[in-house]
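# Chain and residue survey
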Amino acid sequence: SSHGYFLKVFAVCFPAALRDPMAMERANLLNMAKLSIKGLIESALSFGRTLDSDYPPLQQFFVVMEHCLKHGLKVKKSFLGFNKSLWGPLELVEKLCPEAAEISASVRDLPGLKTPLGRARAWLRLALMQKRLADYLRLLITRKDLLSDFYENSALMLEEEGAVIVGLLVGLNVIDANLCVKGEDLDSQLTQGDVSVERDTYKQSRQGLDEMYNEVRRQLKEECQLRQDVENELVVQVSMKQEMELAMKLLEKDIHEKQDTLIGLRQQLDEVKAINVEMYQKMQVQTHTHRHIIQQLEMDLKIEREWRQTLQNDLHRERDSVAQLSTEALQINGLKKEFHRLQDENVQLKTICEDQEKALEELGSKLSESKLKIEDIKEANKALQGGQVWLKDKEATHCKLCEKEFSISRRKHHCRNCGEIFCNSCSDNELPLPASPKPVRVCDTCHALLLQRCSSNPT
């Protein structure tokens with residue numbers, strides 16, 4: 001009954017596969033793998049802990065994977081008889097991927113592991129714990145030339161379903177598993193526990209297929225209803241087509257009548273067009289003439305406006321100039337009055353200045369005579385005291401006259417008349433003194449003073 005149930009579901013989902021039993025088996029195994037992997041991922045995420053060997057969804061997953069890998073295996077003849085071994089194709093993985101050599105070596109070294117089926121089961125569990133099961137099987141299915149030695153042509157691992165299952169296995173990388181791998185348990189054939197696991201797997205697969213069957217039935221019902229609607233629409237379209245054919249015949253008759261009318265109207269239209277062309281040409285000539293006149297008038301008007309604007313601008317400038325000249329005339333009148341007043345004041349100031357200059361000249365001459373007398377007294381006093389007072393070199397840092405600072409290039413020099421210290425520029429003079437008939441260095445001030453004294457007292 002279960003076989004008939006699967007045939008019925010598969011006939012609805014994949015009608016073309018009924019002619020190929022291997023295709024039907026592949027499709028059933030693909031659906032079982034989808035349900036098993038999906039259930040394992042959902043339950044493992046809700047479980048929230050590392051999975052162990054006794055976790056039921058994990059056991060179901062390994063049973064389904066064994067069936068998928070066994071599908072289409074070639075029978076190998078050995079000294080013990082004929083058998084189908086999963087270990088042969090899985091052992092190829094270490095040749096395709098060096099990283100898988102560790103798993104294969106661990107399987108071979110596992111104590112108590114004697115059968116090829118046990119090695120294949122151990123390899124699947126170690127690859128799952130390593131989270132590389134999908135990667136290893138993907139490398140394997142890409143080498144169909146190597147797999148063809150172990151599988152029939154229509155085997156699941158050589159068809160598209162195998163690639164789909166390998167793609168689904170990528171989702172198992174989110175699962176953490178810590179499985180106990182014992183040789184005795186893996187070598188044993190189908191035990192009562194395995195039967196129970198396969199029964200649970202079958203129940204879950206049947207439940208999923210029931211849901212798929214119900215969905216397909218619903219889609220089929222919708223398709224039938226849609227087909228009925230299309231057929232009804234087709235009947236309506238056929239009747240409409242007949243009505244349209246009758247309408248087309250009537251329309252053709254009407255068209256012929258209207259074509260004759262259209263020919264007469266075209267002749268009239270040609271005549272009207274000829275009249276319109278003639279009138280249009282006359283209108284073009286008149287329009288051109290009017291346009292030329294309008295352009296000439298517009299040009300004259302523009303020149304007249306520009307001339308008027310220029311006259312207005314000149315008038316405004318003349319008005320501004322008159323206003324400015326009036327203001328300047330008023331200012332000039334005021335300045336003229338101020339000039340006459342300043343001239344009177346200037347005459348008065350010049351008179352006062354001349355009087356004061358005369359007084360200053362008289363005072364200057366008297367002051368010069370007084371200064372000369374004072375200097376004579378000072379010279380006589382210095383001579384009486386035994387000579388001038390010499391300023392020490394360390395007491396002078398700047399020139400007495402120009403006040404520039406002394407340095408290596410600007411050296412110190414004593415004036416032999418006043419005894420002060422000057423730079424070379426301010427004491428570059430030589431005159432004979434009462435104390436020294438020979439010309440000696442004197443500063444610019446003493447030089448001028450002595451020359452003035454000599455000129456005022458030639459004797």
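A brief structural summary. Quick caveat: nothing in here was measured; it's all calculated off a predicted structure. (Residues numbered from 1 in each chain as written. Predicted model: local features only at pLDDT ≥ 70, side-chain atom pairs only at ≥ 80, totals over all residues. Heavy atoms only, no water.)

Next up on the list: the overall build of the protein. Within the protein one finds 13 helices and 6 strands. A total of 459 residues make up the protein; the buried ones form 25% of that total. Considering only intrachain contacts with a sequence separation of at least 6, the fraction spanning at least 24 residues in the protein is 60%. As displayed, the protein has an accessible area near 32400 Å², and 56% of this comes from carbon and sulfur atoms. (Helix = DSSP H or I, 4+ residues; strand = E, 2+ residues; numbered from the N terminus. Buried < 20%, exposed > 50% of the residue type's maximum accessible area, 1.4 Å probe, protein only. Contact = heavy atoms within 4.5 Å. Areas by Shrake-Rupley, 256 points an atom, 1.4 Å probe, with all protein chains shown as cover.)

With that settled, consider the packing of helix H2 (residues 21-47) against helix H10 (residues 160-169). As a packed pair, H2 and H10 sit with axes 10 Å apart at the nearest point and diverge in direction by 5°. Here H2 lies roughly parallel to H10, going by the angle between them. For the pair H2 and H10, the contacting residues are Arg-26, Leu-30, Ala-33, Lys-34 and Ile-37 in the first and Glu-161, Val-164, Ile-165, Leu-168 and Leu-169 in the second. Here the contact of H2 with H10 is composed, by residue class, of 7 nonpolar, no polar and 3 charged. (Axes fitted to C-alpha atoms, helices over the stretch in contact; angles between N-to-C directions. Parallel < 35°, antiparallel > 145°, perpendicular 65-115°, else oblique. Nonpolar A, V, L, I, M, F, W, Y, C, P; charged D, E, K, R; others polar.)

This next bit is on the packing of aromatic side chains. Considering all chains together, one arrives at 3 aromatic pairs under this definition. Look at Phe-61 and Phe-62: their rings are 5.5 Å apart centre to centre, the planes differ by 55°, and that puts the pair in the tilted class. Here Phe-61 and Phe-62 have matching classes, each one buried. Seen from their ring centres, Trp-123 and Tyr-136 are 6.0 Å apart, and the 50° between their planes marks the pair as tilted. With a gap of 13 residues between them, Trp-123 in helix H7 (residues 116-130) and Tyr-136 in helix H8 (residues 133-141) connect regions that are remote in the sequence. Pair check on accessibility: Trp-123 and Tyr-136 agree, each one buried. Residue placement shows Arg-125 over the ring face of Phe-62; its charged tip is 4.1 Å from the ring centre. (Phe/Tyr/Trp six-rings, centres within 6.5 Å; stacked < 30°, edge-to-face > 60°. Lys NZ or Arg CZ within 6 Å of the ring centre and 35° of its normal.)

What follows covers unusual backbone geometry. Its identity is not glycine, yet Lys-131 carries a phi of approximately 60°, on the positive side. Within the secondary structure, Lys-131 is located in the loop between H7 and H8. Backbone geometry places Glu-403, a non-glycine residue, at a positive phi of 60°. Checked against the element boundaries, Glu-403 lands in the loop between helix H12 (192-385) and strand S3 (413-414). Taking relative accessible area as the criterion, Glu-403 reaches 59% and is therefore assigned exposed.

Next up on the list: the nonpolar core. With 55 residues, the main nonpolar core has Leu-58, Phe-61, Trp-123, Tyr-151, Leu-169 and Leu-172 as its most contacted residues. Put simply, the parts of the chain that give this core at least two residues each are H2, helix H3 (56-70), helix H4 (87-91), helix H6 (101-109), H7, H8 and H10. When near neighbours in sequence (up to four residues on either side) are disregarded, Trp-123 contacts Trp-87, Leu-90, Val-93, Ile-103, Ser-104, Val-107, Leu-133 and Tyr-136. In terms of nonpolar packing, the next biggest core, distinct from the first, is built from 15 residues, Cys-399, Phe-406, Val-440 and Leu-450 among them. (Core = buried A, V, L, I, M, F, W, Y, C linked by side-chain atoms within 4.5 Å.)

For the coordinates displayed, the defined rule picks out 17 salt bridges. Here Glu-94 makes a salt bridge to Arg-108, at a shortest N to O gap of 2.3 Å. Highlighted residues: Glu-94 in helix H5 (residues 93-96) and Arg-108 in helix H6, separated in sequence by 14 residues. Under the relative-accessibility criterion, Glu-94 is labelled partly exposed at 21%. (Salt bridge = Lys/Arg side-chain N within 4 Å of Asp/Glu carboxyl O.)

Attention shifts here to a negative patch on the surface. On the surface, Glu-354, Asp-355, Glu-357, Glu-361 and Glu-362 cluster together into a negatively charged patch. Considering the arrangement of structural elements, one finds Asp-355 in helix H12. In this structure Asp-355 comes out as partly exposed when scored by relative accessible area, which is 48%. (Patch = residues over 30% accessible without salt bridge, like charges linked within 9 Å, V, L, I, M, F, W, Y side chains within 5 Å. Lys, Arg positive; Asp, Glu negative; His and termini not counted. Charge placed at Lys NZ, Arg CZ, Asp CG, Glu CD.)

What follows covers H2. The end-to-end C-alpha distance of H2, which contains 27 residues, comes to 38 Å, matching closely the 39 Å that a straight helix rising 1.5 Å per residue would cover. Of the residues one or two after H2, Gly-48 is the one with positive phi, at around 75°. (Expected span 1.5 Å × (residues − 1).)

With 15 residues, H3 should reach 21 Å at 1.5 Å per residue; the first-to-last C-alpha distance of 21 Å fits that figure. Downstream of H3 by one or two residues, Gly-72 has phi in the positive range, about 75°.

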